[in-house]
Amino acid sequence: MKYNLLKSTMLASAIAVTLPAQAAEVEVLHWWTSGGEAAALNVLKQDLEGQGIGWKDMPVAGGGGTEAMTVLRSRVQAGNAPTAVQMLGFDIQDWAAEGATANLNPLAKKEGWDKVVPAALQRFSKHGGNWVASPVNVHSTNWVWANKKILGELGYDQPPASWGDFIALLDKAKSKGYTALAHGGQAWQDATIFDGVVLSTGGPYFYKKAMVELDSEALGSDTMKTAFDRMRQLRGYVDANFSGRDWNLASAMVIENKAAVQIMGDWAKGEFINAGKKPGEDFMCFRVPGTQGMVTFNSDQFVMFKVGGSSAKSQMAMAKAVMSPKFQSAFNVVKGSVPARTDVPNTDFDACGKKGMKDLAEASASGMLMGSMAHGHAAPAAVKNALYDVVTNHFNSNMSSTDAVSQLVSAIEGAKD
Ligand code: GAL
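Residues numbered from 1 in each chain as written. Predicted model: local features only at pLDDT ≥ 70, side-chain atom pairs only at ≥ 80, totals over all residues. Heavy atoms only, no water.

1. Comments concerning the packing of helix α12 (residues 222-235) against helix α19 (residues 401-415)
Put simply, α12 and α19 touch, their axes get as near as 9 Å, and they point 120° apart. Compared by their axis directions, α12 and α19 come out oblique. For the element pair α12 and α19, the recorded crossing hand is right-handed. In contact with M224, K225, F228 and D229 of α12, α19 contributes S401, T402, A404, V405 and L408. Tallied by class, the residues present in the contact of α12 with α19 amount to 5 nonpolar, 2 polar and 2 charged. (Axes fitted to C-alpha atoms, helices over the stretch in contact; angles between N-to-C directions. Helix = DSSP H or I, 4+ residues; strand = E, 2+ residues; numbered from the N terminus. Parallel < 35°, antiparallel > 145°, perpendicular 65-115°, else oblique. Left-handed = near helix turned anticlockwise from the far one by under 90°. Contact = heavy atoms within 4.5 Å. Nonpolar A, V, L, I, M, F, W, Y, C, P; charged D, E, K, R; others polar.)

2. Quick word on the sheet that holds strand β7 (residues 139-140)
What the 3 strands build is an open sheet, ordered β7-β12-β14; its pairing is mixed. Two strands lie at the open edges of the sheet, namely β7 and β14 (369-371), each paired on one side alone. Sitting on the sheet, helix α10 (residues 187-212) touches β12 (295-298) and β14, and the angle it makes with β14 is about 110°. (Pairing = 2+ DSSP bridges.)

3. Regarding the site of the ligand
By nearness alone, 14 residues border the ligand, and E37, N298, D300, K335 and H375 come closest of all. The side chain of H139 places a nitrogen or oxygen atom 3.4 Å from an oxygen atom of the ligand. At 2.8 Å, a side-chain N or O of N298 approaches an oxygen atom of the ligand. Out of a free accessible area of 300 Å², the ligand has 100% covered by protein chains. For the shell around the ligand, a count of residues per class yields 6 nonpolar, 5 polar and 3 charged. Shared between two domains, the shell around the ligand holds at least three residues of each, these being domain 1 (5-140 + 299-356) and domain 2 (143-296 + 361-416). (Near = heavy atom within 4 Å. Polar contact = N/O pair within 3.5 Å; in protein donor to acceptor, adjacent residues only side chain to side chain. Areas by Shrake-Rupley, 256 points an atom, 1.4 Å probe, with all protein chains shown as cover. Domains from an automatic or database assignment.)

4. Things to note about the state of the cysteines
What the rule picks out here adds up to 1 disulfide. Disulfide pairing places C285 opposite C352 at an S-S distance of 2.1 Å. When the S-S torsion is -105°, as for the bridge of C285 with C352, the disulfide is left-handed. Of this pair, C285 sits in strand β11 (residues 283-287) while C352 sits in helix α17 (residues 351-366), and the two are 67 residues apart along the sequence. (Disulfide = S-S within 2.5 Å.)

5. Examining the pattern of salt bridges
All told, the structure shown has 14 salt bridges when counted by the stated rule. For the salt bridge of D222 with K225, the shortest nitrogen-to-oxygen distance reads 3.4 Å. Separated by 3 residues within a single helix, D222 and K225 lie in helix α12, roughly one turn from each other. The partner of D239 in a salt bridge is R245, with the nearest N and O atoms 2.6 Å apart. On the accessibility criterion, R245 (14% relative accessible area) is buried. Salt bridges sharing partners connect three or more residues here, namely R287, K355 and D359. (Salt bridge = Lys/Arg side-chain N within 4 Å of Asp/Glu carboxyl O. Buried < 20%, exposed > 50% of the residue type's maximum accessible area, 1.4 Å probe, protein only.)

6. Things to note about the nonpolar core
Soluble globular proteins tend to pack their nonpolar side chains together in the buried interior. F194, M224, L234 and V261 are the most contacted members of the largest nonpolar core, which has 78 residues in total. If one sorts the elements of this core by residue count, α10 sits on top with 11 residues. The residues touching L234, leaving out its near neighbours within four places in the chain, are W163, F166, I167, L170, L181, I193, V197 and I263. Counting residues in each nonpolar core, the second largest holds 58 residues, with V116, V117, V303 and A340 among its members. (Core = buried A, V, L, I, M, F, W, Y, C linked by side-chain atoms within 4.5 Å.)

7. Thoughts on the sheet that holds strand β10 (residues 259-263)
In spatial order, the strands read β9-β10-β8-β11; together these 4 strands make up an open sheet with mixed pairing. The strands lining the two open edges of the sheet, one partner per strand, are β9 (179-181) and β11. With strand direction ignored, the average angle separating the axes of adjacent strands in the sheet is 20°. Taken together, the 3 bridges between strand β8 (residues 143-147) and β10 define a ladder with antiparallel strand orientation. The residue bridging V144 from the neighbouring strand is I263, located in β10. Lying over the sheet, α17 contacts β8 and β11, oriented at roughly 10° with respect to β11.

Structure (structure tokens):
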């Protein structure tokens, strides 16, 4: 009896010692479940652990799809929002408009975020003039990731310059028995390719008219038909098992010398790096042919939800940690993206990261920086999802480009507010 009492007193004091540490915790909802993504997330976990803040992980697999937002909806409806949520573009605005988000203004003011975060990102991080999110990176979708050895074998030591050259490369890869285009057939991945194809086919002004302004004439134009023709062309270069494959497994096909190229955002670089591969030696990174100088971006932001008490303190610590220039460098070097601040040196970045930073600065200066439709930065979720449906139905059927274009026009018209 005495012994048990002693034991429970010891237990109680052990709990008393560990409790405060557990209280300083953030619960983070995200979809970073691939090897490269998990490695990048670790940089953040460790940063916070170093400040005595615990990490409660809330992963939702599904990549850039819509799964995470569905889980978030049920958490918020149950009155149990996570501390912070990885989110893209227009979704941030929707949640802030619902009044679900915290106000980061005092911190943002103290840390001078207004001066260092590019306007293109602030447009999403702020709602009604109030900061609601910490942008952690800038990704972009108009990239190609190529296996250097295979491209060498096919006679390419330089990236193909035009769409025609690119198709010639894919043909050669196919005839040598490689999977020419590594791809995972999920709607968001098809749409990611579509970003680059529309940009390459129509150029930046066309992209803006069609994907950002949602102009029916541009959406229904012959140029858009050509974009769908090109999607059909690309469909001919994927392997038989592409359907439903996760994007990181498609990256693995390039990494493992099975496929020549993947068209994917620069989170793919995180997979190459995580596999110990080096740019210029093992793989090449270049813009979708015809889109050099242009950037279709997306930025992952940690949206802070309304939470009370001690959670709010850890939440502000996280918001601050995410924005530190040192952290932005360390994190983005691993993630494949580039910093969400303009004052971070490129010193620690590899050649692809340096190119990403240069491309972003140039595109921003020349007006060729555009939001990615596939990743929620060109139009709100309803429009994005309407486009996903048409693009993926076309990719997975014999639908003609003419039908695809007319479906696109009516789907987007119906989804606009
Ligand atoms: C994107 C996101 C990236 C990466 C990718 C695949 O939407 O911005 O950070 O996670 O999805 O999961």
